Amino acid sequence: MTSPERDPHPTEDPSAPPVERPAGEEPTAGQPRRSGLRNPERAVRGLGAGTLSLEALVLLLAIQPIRVVGGDLGGAAIGAVVALAVAAVVLAGMMRRPWAWNAGTVLQGLLLLGGLLHWSLLGLGIIFALVWAYALHVRRVILG
């Protein structure tokens, strides 16, 4: 006759006293949930900087296809795209400043206004405004 096997993962007994956990491991009722990141502020800054850097790269790479496919992309529109890309790179480097997130939001609005110069800039503006809104949402969730 064999002995009954023991369950290696026993279920917790509701009448058993609670297991003590190290401070900060699990939040108790009423405490905010931690993000689990070592440095949440740095992670959020990296998200913002990465988003703006990607936006600058896409804007610069989009100039030629817009000219070929879209037709009338004049000098003013090209200058505006380059200026917006430069502003995005500068803001990406300044994400430590508290006002940089607001300036990034203004940049998205300016790109949407670029739609007055060419319809494709409006399309890019909508896409990057949605991406920026998501980055702001993630920032709010992580930092609280």
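Refer to the preceding data block for the structure.
Residues numbered from 1 in each chain as written. Predicted model: local features only at pLDDT ≥ 70, side-chain atom pairs only at ≥ 80, totals over all residues. Heavy atoms only, no water.

1. Quick look at helix H4 (residues 119-143)
For an α-helix, 3.6 residues make a turn, and residues three or four places apart therefore share a direction. Selection criterion: Secondary structure follows DSSP: runs of H or I at least 4 residues long count as helices, runs of E at least 2 residues long count as strands, and numbering of each begins at the N terminus. Expected helix span is computed as 1.5 Å times (number of residues minus one). Type-normalised accessible area, obtained with a 1.4 Å probe on protein chains alone, sets the label of each residue: buried when under 20%, exposed when over 50%, and partly exposed for intermediate values.
Along its 25 residues, H4 runs 36 Å from first to last C-alpha, staying within 8% of the 36 Å computed at 1.5 Å per residue. Those residues of H4 that sit buried are Ser 120, Leu 121, Leu 124, Gly 125, Phe 128, Trp 132, Ala 135 and Val 138. Of the residues one or two after H4, Gly 144 is the one with positive phi, at around 85°.

2. Some points on the side chain of His 118
Spelled out, the test is: Any N or O atom pair separated by 3.5 Å or less is treated as a polar contact, with the protein-specific requirement of one donor-capable and one acceptor-capable atom, and with residues adjacent in sequence counted only for side-chain atom pairs.
With respect to the secondary-structure elements, His 118 resides in the loop between helix H3 (100-113) and H4. Note on His 118: relative accessible area 5%, which makes it buried. A polar atom in the side chain of His 118 sits 2.6 Å from the side chain of Ser 120.

3. Remarks on a nonpolar patch on the surface
Put simply, the rule reads: Any residue with relative accessible area above 30% and no salt bridge may belong to a patch, with like charges joined within 9 Å and the nonpolar Val, Leu, Ile, Met, Phe, Trp and Tyr side chains within 5 Å. In short, Shrake-Rupley with a 1.4 Å probe defines the accessible areas, and a residue's cover is counted only from the protein chains shown. Any carboxyl oxygen of Asp or Glu within 4 Å of a side-chain nitrogen of Lys or Arg constitutes a salt bridge here.
Together, Leu 60, Val 82, Val 86 and Val 90 make up a nonpolar patch on the protein surface, roughly 310 Å² of accessible area in all. Top element by residues in the nonpolar patch is helix H2 (residues 75-93). It accounts for three residues. Turning to its location among the elements, Val 82 is positioned in helix H2. Among the residues examined, Val 82 registers a relative accessible area of 33% and is labelled partly exposed.

4. What to know about the packing of H2 against H3
This is how it is decided: Here an axis means a line fitted to C-alpha atoms, over the contact stretch when the element is a helix, while the angle between two N-to-C directions is reported on a 0 to 180 degree scale. Orientation categories follow fixed angle ranges, with anything under 35 degrees roughly parallel, anything over 145 roughly antiparallel, 65 to 115 roughly perpendicular, and all other angles oblique. Crossing chirality is assigned from the near helix's rotation relative to the far helix, an anticlockwise turn below a right angle marking it left-handed and a clockwise turn marking it right-handed. For this analysis, residues touch if any pair of their heavy atoms sits within 4.5 Å.
In the contact formed by H2 and H3, the axes pass within 10 Å of each other and the chain directions differ by 165°. With respect to each other, H2 and H3 are oriented roughly antiparallel. Handedness of the H2/H3 crossing: left-handed. Contacts between H2 and H3 pair Leu 84, Ala 87, Ala 88 and Leu 91 from the former with Ala 100, Ala 103, Gly 104, Leu 107, Leu 110 and Leu 111 from the latter.

5. Points about the nonpolar core
We count it as follows: Among buried residues, the Ala, Val, Leu, Ile, Met, Phe, Trp, Tyr and Cys ones that are joined through side-chain atoms within 4.5 Å form a nonpolar core.
Within the largest apolar cluster, 26 residues are counted, with the highest numbers of intra-cluster contacts made by Leu 52, Leu 59, Ile 66, Met 95, Trp 101, Leu 107 and Leu 124. Elements represented by at least two residues in this core include exactly helix H1 (40-70), H2, H3 and H4. Residue contributions to this core peak at eight residues, all from H1.

6. Examining H3
Where we set the bar: Working note: the arc is built from the helix axis to C-beta atom directions.
Spanning 14 residues, H3 covers 20 Å between terminal C-alpha atoms, matching the ideal 20 Å at 1.5 Å per step. When H3 is considered as a whole, its buried residues turn out to be Ala 100, Trp 101, Gly 104, Leu 107, Gln 108 and Leu 111. Each buried residue of H3 lies within a common arc of 105° when the element is viewed along its axis, so the set occupies one face. In H3, the exposed residues that point more than 90 degrees away from the buried face are Asn 102, Val 106 and Leu 113.

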